[in-house]
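Remarks on the overall topology
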Amino acid sequence: MALEDLHPETLAISRGRPPHLAGEGINLPISLNSTFVAGGPINYGRTGNETWQPLEDAISALEEASSTLLFSSGMSAITAVFSLLPHGAPVVASHEGYSGTMSLLKRHHKDGRLEVRFVDITDTKEVIAQMQGAAFLWMESPTNPGLGVAEVGIIIGEAKKRNLGVGFDNTFATPLNQKPLTFGADIVMHSVTKYLAGHSDVILGSLSVKDPALHSRLLDARISFGAIAGPFEAWLALRGIRTFPLRFEKAQTNAALLAKKLESHAVVDNVRYPGFGAIVSFEVKGDAIAAERVCDGANLIINATSLGGVETTWERRRRWELESQSVPENLIRLSVGCENVEDLWVDIDTALSKA
Ligand SMILES: *Cc1c(COP(=O)(O)O)cnc(C)c1O
């Protein structure tokens, strides 16, 4: 059976394993080496590590990429992408997005390093208009935390027609919902920290590409910045990715059910759920303090930042100074996990009664 015929849950389980040889382990050992005997494929631990490769191969298979590079975090992966752009390059980017990306882009803009044109990614006409003379498009869809959805295929197609490079943060949607490389994006980025690893115990990032020349430039950035993954983190994430489709499908089903229930709850307003994924944002009727009381008022659901773990978490986003002022003070971002959905609803309902 050809690779392209395999389904994602099969790829997640079967990729990145050693050859099936009698007596050999079915998992690769963790390679704890900073240096290697001269003359082989790897010479030094900053240029390569045998524990990265299987995880990179599994992510490549899921994203239909030719190759993937693992980084020390999602943010170091994003930093490597923007480092390829020349000084002052015009970049089109969503005005709403992951807060770390937003502050990095704002800093580059302020320093004159990049000329960032912030757009409403859900307004296709505006996005296309801003592509005029631009060098690069950075996309995130659904956006964080408002969960705006872009017309991904159309926008990437228009960008490629105009010769823009396209980078796509696919952390929220995951390759189970969309594969931006198949629409023509040049780079797909993941915060592997989230769904791919899935257990809230590692920080890692990745960049997946189709073009070998682009791979070389990103590899060069990784080697020269030294933004490399620890072998143990890579091993944990590989262990995590084996169950990623299973976890994500469960979390997504839970999220759709909870979004529906939240919509008809008396103290909830403006439920945002794009119809896929496992993040739901909603507003609590009342002020920031009421929303904080809800986040602290659950028994199961943990008041914590980040997302994509097996355990359900939520937080009031505006507790972060970095978060955009356009995000309502009473907005809670819920990252739905894999618990029983009725247990989760009882917990949410209890917490909401404390608003
Ligand atoms: C978490 C996250 C990042 C940053 O990744 P880190 O692994 O925390 O560095 C980037 N984009 C999105 C959408 C995220 O959720």
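Owing to the predicted nature of the structure, the values given are computational and were not obtained by experimental measurement. Here the residue index of a chain counts from 1 through its sequence in written order. Per-residue local features are limited, in this predicted model, to residues with pLDDT of at least 70; the limit for side-chain atom pairs, both in listing and counting, is 80 or more; totals at the level of whole chains, interfaces and linings are taken over all residues. The basis for every side-chain value is the complete set of heavy atoms in the structure, and neither hydrogens nor water enter the calculation.

Moving on, we get to the overall build of the chain. For the chain, the count of helices and strands is 11 helices and 12 strands. In this setup the radius of gyration rests on C-alpha atoms only. A globule is expected at 2.2 Å times the number of residues raised to 0.38. The globule rule puts the C-alpha radius of gyration for 355 residues at 20 Å, and the 21 Å found for the chain is close to it. Viewed in the frame of its principal axes, the chain has a C-alpha envelope of about 65 × 55 × 35 Å. Burial classes: relative accessible area under 20% of the type maximum marks a residue as buried, over 50% as exposed, and values in between as partly exposed (1.4 Å probe, protein chains only). Residue burial in the chain is summarised as follows: out of 355 residues, 53% are buried. For this analysis, residues touch if any pair of their heavy atoms sits within 4.5 Å. The contacts in the chain between residues at least 6 apart in sequence include a share of 66% that link residues at least 24 apart. Shrake-Rupley sampling with a 1.4 Å probe provides the accessible areas, and residues are treated as covered by the protein chains on show and by no other component. For the chain, the exposed surface amounts to about 15500 Å²; the carbon and sulfur share of it is 54%. All tallies of charge rest on Lys and Arg as positive and Asp and Glu as negative; His and the ends of each chain are not included. Note on charges: their place is set at NZ of Lys, CZ of Arg, CG of Asp or CD of Glu. Across the chain, the 32 positively charged side chains and the 41 negatively charged ones have centroids separated by 2 Å. We count a stretch as a helix when DSSP gives it H or I for four or more residues in a row; a strand needs E for two or more, and each element gets its number in order from the N terminus.

The next point concerns the pairing of strand β2 (residues 89–94). Each regular strand displays side chains that alternate between the two surfaces of the sheet. Counted residue by residue, β2 has 6 buried out of 6 residues, so it is predominantly covered. Side chains Ala89, Val91 and Ala93 of β2 all project onto a buried face; the interleaved residues Pro90, Val92 and Ser94 project onto the opposite face, where all are buried too. We call a crossover right-handed when, viewed with the strands running away from us, the connection from the first strand over the helix to the second turns clockwise. For the crossover from β2 across helix α4 (residues 99–110) to strand β3 (residues 114–119), the handedness is right-handed. Paired strands, in this sense, are two strands between which DSSP finds at least two bridges. When β2 meets strand β4 (residues 136–140), the two strands line up parallel, connected through 3 bridges. Paired with Ala93 across the bridge in β4 is Trp138.

Moving on, we come to the site of the ligand. Looking at the ligand, there are 14 residues lining it, with Met75, Asp169, Ser191, Thr193 and Lys194 nearest. N or O atoms closer than or at 3.5 Å make up a polar contact, with two conditions inside protein: a donor-capable atom paired with an acceptor-capable one, and, for residues adjacent in sequence, both atoms drawn from side chains. With respect to the ligand, the backbone of Met75 contributes an N or O atom lying 2.9 Å from an oxygen atom. Between the ligand and Ser191, the relevant distance is 2.9 Å, taken from an oxygen atom to a side-chain nitrogen or oxygen of the residue. Expressed as a share of its isolated accessible area of 380 Å², the protein-covered part of the ligand is 94%. For the shell around the ligand, the elements supplying multiple residues, two or more each, are α3 (74–83) and β6 (187–191). Note on residue categories: nonpolar means Ala, Val, Leu, Ile, Met, Phe, Trp, Tyr, Cys or Pro, charged means Asp, Glu, Lys or Arg, and polar means any other residue, Gly included. When its residues are assigned to classes, the shell around the ligand shows 7 nonpolar, 5 polar and 2 charged. Working definition: residue near molecule or strand if any one of its non-hydrogen atoms lies within 4 Å of it.

Summarising burial for strand β12 (residues 331–335): 5 of the 5 residues are buried, a large majority. Judged by which residues are buried, β12 turns out to be covered on both faces: Leu331, Arg333 and Ser335 on one side and Ile332 and Leu334 on the other are all buried. The pairing of strand β9 (residues 279–284) with β12 spans 5 bridges and is antiparallel. By the bridge assignment for β12, Phe282 is matched with Ile332. Here strand β11 (residues 313–316) pairs with β12 via 4 bridges, running antiparallel. The residue bridging Arg316 from the neighbouring strand is Ile332, located in β12.

Turning to helix α9 (residues 244–263), a few remarks are in order. The length a helix should cover is 1.5 Å for every residue beyond the first. In this model, α9 (20 residues) spans 28 Å end to end at C-alpha, consistent with the 28 Å of a helix rising 1.5 Å per residue. Taken together, the buried positions of α9 are Phe244, Pro245, Arg247, Phe248, Ala251, Gln252, Asn254, Ala255, Leu258, Ala259 and Leu262.

Fitted lines through C-alpha atoms serve as axes, helices being fitted only where they are in contact, and the angles separating the N-to-C directions of these axes extend from 0 to 180 degrees. For the pair helix α2 (residues 52–63) and helix α8 (residues 231–241), interaxial distance at closest approach is 8 Å and the crossing angle is 35°. Like other packed secondary-structure pairs, α2 and α8 cross with a definite hand, here left-handed. Between α2 and α8, the contacting residues are Trp52, Pro54, Leu55, Ala58, Ile59 and Leu62 on the first element and Ala234, Ala237, Leu238 and Ile241 on the second. Partitioned by chemical class, the residues of the contact of α2 with α8 number 10 nonpolar, no polar and no charged. Each crossing gets its hand from how the near helix is turned against the far one by less than a right angle, where anticlockwise is left-handed and clockwise is right-handed.

Once that is clear, we can look at the domain arrangement of the chain. When cut into domains, the chain gives domain 1 (3–241) and domain 2 (244–352). Listed per partner, the contact involves 27 residues of domain 1 and 26 residues of domain 2. Buried surface area refers to the total accessible area, computed with a probe of radius 1.4 Å, that the two partners give up upon joining, counted for both partners together. When the two sides are added together, the surface that domain 1 and domain 2 hide from each other amounts to roughly 2300 Å², 65% of it contributed by carbon and sulfur. Taken as a group, Pro145, Leu147 and Tyr195 account for 29% of the area that domain 1 buries against domain 2, more than any other trio of residues on that side. Every case where a carboxyl oxygen of Asp or Glu lies within 4 Å of a side-chain nitrogen of Lys or Arg is listed as a salt bridge. Counting across the domain 1 and domain 2 interface gives 0 salt bridges. Inspection of the domain 1/domain 2 interface yields 10 residue pairs in polar contact (both at pLDDT 80 or more). Elements with a minimum of two residues in the side of domain 1 that touches domain 2: α1 (8–14), α4 and α8. For the side of domain 1 that touches domain 2, the class distribution of residues is 15 nonpolar, 10 polar and 2 charged. Residue ranges labeled as domains rest on an automatic or database domain assignment.

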